[in-house]
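Chain by chain, the residues run as shown.
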Amino acid sequence: MIAFDVYLCGWRVQSEIPLPELLPWTTPQHPVDVRIRLGRVPPLADIVESQRRLTVDKTGVCRLEIPGICTFTVSDGREVVVDPEVPLDSLDLRNYLFGTGLGLLCHQRGVFPLHGSCLRFGDNAIVFSGNSGAGKSTLAAALAQRGHTLLSDDVCALSDMEGGWFVRPAFPRVKLQPASLKAIFGESPDHPPIRLQGKHHFRFEPVSSFDPNPVPLAAIYFLEKAEQGQTESIVEVSGIEKLALINSQVFRPRMGRALGRQSFLRGTALRLAGAVAVRRFCRSFDLSRIDATVALLEQKHGAPSSLKAP
Amino acid sequence: MSQARKNVNLDDTITWSGKQLASEIDGEVVLMNIDRGHYYSLDDIGSEIWRAIEQPVLVRALCRSCVEKYHADSETVSADVLALLDKMLEQELITVVSA
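Residues numbered from 1 in each chain as written. Chains lettered and ligands numbered in written order. Predicted model: local features only at pLDDT ≥ 70, side-chain atom pairs only at ≥ 80, totals over all residues. Heavy atoms only, no water.

Here we come to the overall build of chain A. When you go through chain A residue by residue, the secondary structure sums to 7 helices and 19 strands. In terms of C-alpha radius of gyration, chain A reaches 19 Å, essentially the compact-globule figure of 19 Å for 310 residues. For chain A, the residues scored as buried account for 55% of the 310 residues in total. Sequence-distant contacts, at least 24 apart, represent 66% of the contacts inside chain A between residues at least 6 apart. Accessible surface computed for chain A: about 13500 Å², of which carbon and sulfur atoms make up 48%. (Helix = DSSP H or I, 4+ residues; strand = E, 2+ residues; numbered from the N terminus. Rg over C-alpha atoms; globule rule 2.2 N^0.38 Å. Buried < 20%, exposed > 50% of the residue type's maximum accessible area, 1.4 Å probe, protein only. Contact = heavy atoms within 4.5 Å. Areas by Shrake-Rupley, 256 points an atom, 1.4 Å probe, with all protein chains shown as cover.)

Put into structure tokens, the structure is as follows:
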């Protein structure tokens, strides 16, 4: 079986499943951090937590079962065993590996997974978080279309390194509703998207130009919907309210608790709140106003150095 | 054992416990008991007191410096400081190093 050798959030991942969104690994002397292999995935015994199709056993093994697509386990932050029901190159498979799979790897490896999309603005990373349906991916796509580099979608892996907070880049891909896709790219996007479960997947740059190095985290925006007639506004959040917002968007927190990460997650949120700017970003859901939303962010964080042609 | 103690006295020497994590969020100190994951937010004076007990401090000396700093009467200050320290001790955020 050919193993694909790639970067994911700074880890060396060797996979029997093709992962074309990820940059090929370049330093052969580095040990493998995560192996993704094919195999049988029987149900877990001694289950300590279950949430819909996700279960955790008392040794910390996590198992996700998506009928018709795949079942996989994530163990020790090092091994993913996948039993697929679709072709190996199917995007459906990667959709779950890059979502829940990546979130579980973060929990097991002691990395803080924040629910949101992340883009690079100049030398810094900005995370856009918020509830499902808050427009994280749509905003990320609009910013990527402007020329800001997309660093991750859905799960943002945050680590403190050498005293600062960093985002570990995952891949330059975003999931969009068809309506958002049309509003941002018009009728005929340059690169045709791939359809999946009512959302379209859209890739923004060739993998070869993706920089896998950690990017300093400058701010976390929590997206909210403006009342009708209200214009876009950014409000600085301070004190303990920062903590409440960060804690509200930990990716799969119940799984994190079941894995014994509660103290780590609460403590990380506390340290993050002390170190990083947190803002509420209230803006219209009217897709025709997406340009105003982007303009407001660029006022604060700068326009991309090389603007893409409209 | 110091862990079993419920109240802090003026003659105790206290300091941060090993079970807490503290972060300064926009000038406001927020504490967490590492085992329980609960947060405790301190006001300005509480934050000042927290910073002052990073190294072991005699509670009586801590109260005296508060009296000087806030120009309040000694009895009120002692009662308020002891009440705050009792809560911190209860949540294992501080420890009594010697009496």
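A word on the packing of helix α2 (residues 136-146) of chain A against helix α7 (residues 290-301) of chain A. Residue and element names in this part refer to chain A. The N-to-C vectors of α2 and α7 enclose an angle of 70°; their axes lie 10 Å apart at closest approach. Comparing the axis directions of α2 and α7 gives the class roughly perpendicular. From α2, Thr138, Leu139, Ala142, Leu143 and Arg146 reach across to α7, where they touch Ile290, Thr293, Val294, Leu297 and Glu298. In terms of residue class, the contact of α2 with α7 is made up of 6 nonpolar, 2 polar and 2 charged. (Axes fitted to C-alpha atoms, helices over the stretch in contact; angles between N-to-C directions. Parallel < 35°, antiparallel > 145°, perpendicular 65-115°, else oblique. Nonpolar A, V, L, I, M, F, W, Y, C, P; charged D, E, K, R; others polar.)

Another point: empty space enclosed by the protein. Residue and element names in this part refer to chain A. Taken as a whole and assessed by the stated rule, the structure comprises 2 cavities of 30 Å³ or more. The space that makes up the largest cavity amounts to roughly 80 Å³. As for the largest cavity, its lining consists of Leu8, Val13, Leu19, Val34, Ile36, Val80, Leu97, Phe98, Gly101, Leu102 and Leu105. Going through the elements one at a time, β3 (34-38) and α1 (91-109) are the ones with two or more residues in the lining of the largest cavity. Counting residues per element, the lining of the largest cavity draws most heavily on α1, which supplies 5 residues. (1 Å grid on protein atoms, 1.4 Å probe; cavity = no way out; pocket = protein on both sides within 12 Å on 5 of 7 lines; lining within 4 Å. Points joined across faces, edges and corners; volume = space filled by probe spheres on them.)

Quick look at the sheet that holds strand β3 (residues 28-33) of chain B now. All names here are of chain B. Spatial strand order, β2-β3-β4: 3 strands in an open sheet with antiparallel pairing. Two strands lie at the open edges of the sheet, namely β2 (20-25) and β4 (39-41), each paired on one side alone. Strand-to-strand twist across the sheet, computed as the mean angle between neighbouring axes with direction ignored, equals 25°. Relative to β4, β3 is paired through 3 bridges, and the arrangement is antiparallel. Bridge assignment links valine 30 to a residue of β4, and that residue is serine 41. (Pairing = 2+ DSSP bridges.)

Time to look at the interface of chain A and chain B. Counting from both sides, the interface comprises 15 residues of chain A and, opposite them, 14 residues of chain B. Sorting the residues of chain A by area buried against chain B places Ile240(A), Arg266(A) and Leu270(A) first, and these three jointly supply 45% of that buried surface. The interface formed by chain A and chain B includes 1 salt bridge. Asp26(B) is paired through a salt bridge with Lys242(A); the nearest N and O atoms lie 3.5 Å apart. Our enumeration of links across chain A and chain B arrives at 7 residue pairs in polar contact (both at pLDDT 80 or more). Ranked by residues supplied to the side of chain A that touches chain B, first place goes to helix α6 (residues 262-275) of chain A with 8 residues. Considered class by class, the residues forming the side of chain A that touches chain B number 6 nonpolar, 6 polar and 3 charged. (Buried area = accessible area lost by both parts, 1.4 Å probe. Salt bridge = Lys/Arg side-chain N within 4 Å of Asp/Glu carboxyl O. Polar contact = N/O pair within 3.5 Å; in protein donor to acceptor, adjacent residues only side chain to side chain.)

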